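# Reading the structure
Here is what each chain is made of, one letter per residue.
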Amino acid sequence: MRVLTAEQMRAVDAATIAGQGGHAPVSGSELMDAAGAATLAYLQRRFAAAAQGPVAVLCGKGNNGGDGMVLARLLRQRGAEVRVLLLADPGALRGDAAEKWRALQPAGAAISVAADAAAWAQARGALAGARLWVDALLGTGLSSPPRGLVADVIAELNRAQPRPPVLAIDLPSGLPADGEWFAATLADWPWDRVLRADATVTFTAPKLGSVTGPAVYLCGDLCIAPIGSPGAIVDAVAAAPAPAGPASPAATGALSVSGLPALSAWLTTAAEAAPFLQPRPSDSHKGRFGHVLLLGGSFGKSGAPAMAADAALRIGAGLVTAAVPRSVLTAVAAYRPEIMTEPLAETSDGGVAAGILEPGVWDALVRGKSVAAIGPGLTAHPEVAATVRQVVTRLPIPWVLDADGLNAFAGRAAELRSAASPGILTPHPGEMGRLLGISTDEVQSHRLVCALQLAVATGDVVVLKGFRSLIAAPDGRVYINSTGNPGMATGGSGDILTGIIAGLWGQFPAADRLLVATVAVYLHGLAADCAAATTGELSLCATDITCSLPAAIRRARQLAAEGGEGIEIPAELR
């Protein structure tokens, strides 16, 4: 599903109203009615107990306020008790919002107007006793932090105790629609001036700020609802990617966006996974589904390559060979009998030695392999790091790099451009920081910029792991993952992901590696969600993710078959 900037969303609305792409024109008033109706449908489903009111609807003077006025009118038509608070002079309303204000008057809602602090002091009593607050104050039109009365009201509502659930229309008021990508002052953004929502209904497509950045949790549950803009128009607008925006004050120097490609973003859904999960032909054999070479392991770290190899098999790889130091081979081989093993010479501390590069050893190792996964269980020993750099440079097959495989290129990321074959990098924020020469905190504050910068610097696809993992390509395409949970914050989950990526790529060597990585990350997170449903997040172990891959595949197939444009992402997955 496309993810849009605020500017792109405005372009989609304008094209829909103009009837571009062969579709019948739709008026702005009709789009506003559709937004109000979509919000009502979600409200009745998500907040059924509060649907009869009292419901307090806080409206601003723009189109977001107009959406709230439509919702208020529809609720009144269904007999609900509704209280509308307009934080503006009614004379300041224009266009469709003014029309919806006039239509609201005879509906019978209790209406209060607060255009200044004194009026707000008189009107705020309308919130008391409400079973639901609806936020229709600012929406996606925000280009700077809220100021004045609206900012003060947001801060007051956030402090209120007790307070009922809050449903935001399109975007929680005060949340920058474009997240870190365009907000020049995001590092100093006043997050207490963002109205904290329990749920958000956004229209047509998610906005960058609702699925990326440091405060997406402020959206609560996220529902993406269609309101009549044709998919062809969304694709056409998004095909002209958003230009790179200015970096925030902290994103200067090493994190400058200068030279980065234009951003084109998607939110991952089961639709991307479906082509990789089709039934196999009846005449299938193991040779058709790839042979993964897993290079890793060291004394005391035999579990990492074993788990990665196991995950590659579980995702469907035909064959997997784990090439590991001789001292840990028995442990890896015993982990699962289907894993083939290859003993390697080792360093003094039990890591992979340079002997792997000897012609006879090297040729035998890579012969017949489809894809290599390098890193799980390696050490940071200088000889190991030097060996890894040579391996990556020489590999005649695609490769996935993780863990100490990535650390071998700390401060030397540009050297990855000399690799003979395409690669996928899977850093967590600490590894990303070492690759770019910046702190982990800087990475976490500017994840989009960092992911794209590393992709451009290396020419590889980058998976920046963590909350809402990002999968970035050098041409500016970025997928934002929608699955996963905090239980994945446990040792070994990254090794599982490495195996899933390699196993999937081995089966689909001709596929776009960005999509391979995207689908692997999606299934990895979905498997963790399936596992957490049984174990809980606290007790989730990495191997539970592998065991739940079959359930995740079934679930992804089901979701893809159900189709539909409406998508809901519960807060616990965000």
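Quick note: structure is the one above.
Presented here is an overview of the structure given in this document. (Residues numbered from 1 in each chain as written. Predicted model: local features only at pLDDT ≥ 70, side-chain atom pairs only at ≥ 80, totals over all residues. Heavy atoms only, no water.)

## Concerning the overall build of the chain
Stated precisely, the cut-off is as follows: Here a strand is any run of E in DSSP of at least two residues, a helix any run of H or I of at least four, and the numbering for each starts at the N terminus. As a reference, a globule follows 2.2 Å times the number of residues to the power 0.38, and the radius of gyration itself is taken over C-alpha atoms. Working rule for contacts: check all heavy atoms of both residues, and any pair within 4.5 Å makes them a contact. Areas reported here follow the Shrake-Rupley algorithm with a probe of radius 1.4 Å; residue values treat only the protein chains shown as occluding. In this tally Asp and Glu are treated as negative and Lys and Arg as positive; neither His nor the chain ends contributes. Note that the charge is assigned to NZ on lysines, CZ on arginines, CG on aspartates and CD on glutamates.
On a plain count of helices and strands, the chain comes out with 22 helices and 19 strands. Its C-alpha radius of gyration of 26 Å places the chain within 12% of the 25 Å reference for a compact globule of 574 residues. Taking the principal axes of the C-alpha coordinates as reference, the chain spans close to 85 × 55 × 50 Å. For the chain, restricting intrachain contacts to residue pairs at least 6 apart in sequence, the fraction spanning at least 24 positions comes to 74%. For the chain, the accessible area works out to roughly 21100 Å², and carbon and sulfur atoms hold 54% of it. Within the chain, one finds 43 positive and 48 negative side-chain charges whose respective centroids are separated by 3 Å.

## Here we look at the packing of aromatic side chains
Which entries qualify depends on this criterion: Only rings of Phe, Tyr and Trp enter the pairing, Trp through its six-membered ring, and a pair is recorded when the two centres are within 6.5 Å. The plane angle decides the type: under 30 degrees is stacked, over 60 is edge-to-face, the rest tilted. Think of it in three bands: with a 1.4 Å probe and only protein chains considered, a residue is buried below 20% of the maximum accessible area for its type, exposed above 50%, and partly exposed in between. Here, a charge over a ring is recorded when the distance from Lys NZ or Arg CZ to the ring centre is within 6 Å and its angle to the ring normal is within 35 degrees.
In this structure the tally under the stated criterion is three aromatic pairs. Between F276 and F508, the ring centres sit 4.9 Å apart and the planes meet at 75 degrees, which makes this aromatic pair edge-to-face. Separated by 232 residues along the polypeptide, F276 in the loop between α10 (270-273) and β10 (291-295) and F508 in the loop between α19 (493-507) and α20 (513-535) bring together distant segments of the chain. Assessed through its relative accessible area of 11%, F276 is described here as buried. Taking the ring centre of F289 as reference, the NZ or CZ of R280 above it sits at 3.5 Å. Sitting above the plane of the W362 ring, R394 keeps its charged end 4.9 Å from the centroid.

## Points about the sheet that holds strand β17 (residues 470-472)
The following threshold applies: At least two bridges found by DSSP between two strands are what make those strands a pair.
Spatial ordering of the open sheet is given by β1-β9-β18-β17-β16-β15-β14-β13-β10-β11-β12, a layout of 11 strands whose pairing is mixed. The strands lining the two open edges of the sheet, one partner per strand, are β1 (2-3) and β12 (340-344). Relative to strand β18 (residues 477-480), strand β9 (residues 264-267) runs parallel, the two being bridged by four bridges. Across the sheet, A265 pairs through a bridge with V478, a residue of β18.

## Observations concerning the side chain of S493
Here S493 lies in helix α19. The class of S493 is buried, set by a relative accessible area of 11%.

## So, the pattern of salt bridges
Keep this limit in mind: Any Lys or Arg side-chain nitrogen located within 4 Å of an Asp or Glu carboxyl oxygen qualifies as a salt bridge.
For the structure shown, the criterion picks out 17 salt bridges. Note that D33 and R73 form a salt bridge whose closest N and O atoms lie 3.4 Å from each other. Within this pair, whereas D33 is found in helix α2 (residues 28-46), its partner R73 is found in helix α3 (residues 63-77), the two being separated by 40 residues in sequence. Note that R124 is salt-bridged to E156, the shortest N-O span being 2.8 Å. Of the two residues, R124 sits in the loop between α5 (117-123) and β5 (132-136) while E156 sits in helix α6 (residues 148-159), which places them 32 residues apart along the sequence.

## A word on helix α14 (residues 382-394)
Condition: Given the number of residues in a helix, its expected span is that number minus one, multiplied by 1.5 Å.
When the terminal C-alpha atoms of α14 are compared, their 19 Å separation across 13 residues agrees well with the 18 Å that a helix rising 1.5 Å per residue should span. Buried-residue contacts for α14 involve β10, α13 (359-366), β13 (371-374), β14 (399-401) and α15 (404-407).

## Focus on unusual backbone geometry
For the bond from G53 to P54, the omega torsion is 5 degrees, close enough to zero to count as cis. Relative to the helices and strands, P54 resides in the loop between α2 and β2 (55-59). Omega for the bond connecting Q161 with P162 falls within 30 degrees of zero, at -10 degrees, which places this linkage in the cis form. Along the chain, P162 turns up in the loop between α6 and β6 (166-169). Although it is not a glycine, D170 sits at a positive phi angle of roughly 75 degrees. Mapped onto the elements of the fold, D170 is located in the loop between β6 and α7 (179-182).

## Focus on the state of the cysteines
The test is simple: Pairs of cysteine sulfur atoms within 2.5 Å are identified as disulfides in what follows.
Summed over all chains, the structure comprises zero disulfides. You can see C530 has no disulfide; the closest cysteine sulfur is in C547, sitting 12 Å from it.

## Overview of the packing of α3 against helix α4 (residues 95-104)
Heads up, the rule is: Here an axis means a line fitted to C-alpha atoms, over the contact stretch when the element is a helix, while the angle between two N-to-C directions is reported on a 0 to 180 degree scale. Oblique is the label for any angle not covered by the other classes, which are roughly parallel (under 35 degrees), roughly antiparallel (over 145) and roughly perpendicular (65 to 115). In a left-handed crossing the near helix is turned counterclockwise from the far helix by less than a right angle, and in a right-handed crossing that turn is clockwise.
The interhelical angle for the contact between α3 and α4, taken along N-to-C directions, is 25 degrees, at an axis separation of 8 Å. The angle between α3 and α4 places the two elements in the roughly parallel class. In the packing of α3 onto α4, the handedness of the crossing is left-handed. Listed contacts from α4 to N63, G66, M69, V70, A72 and R73 of α3 are A97, K100, W101, A103 and L104.

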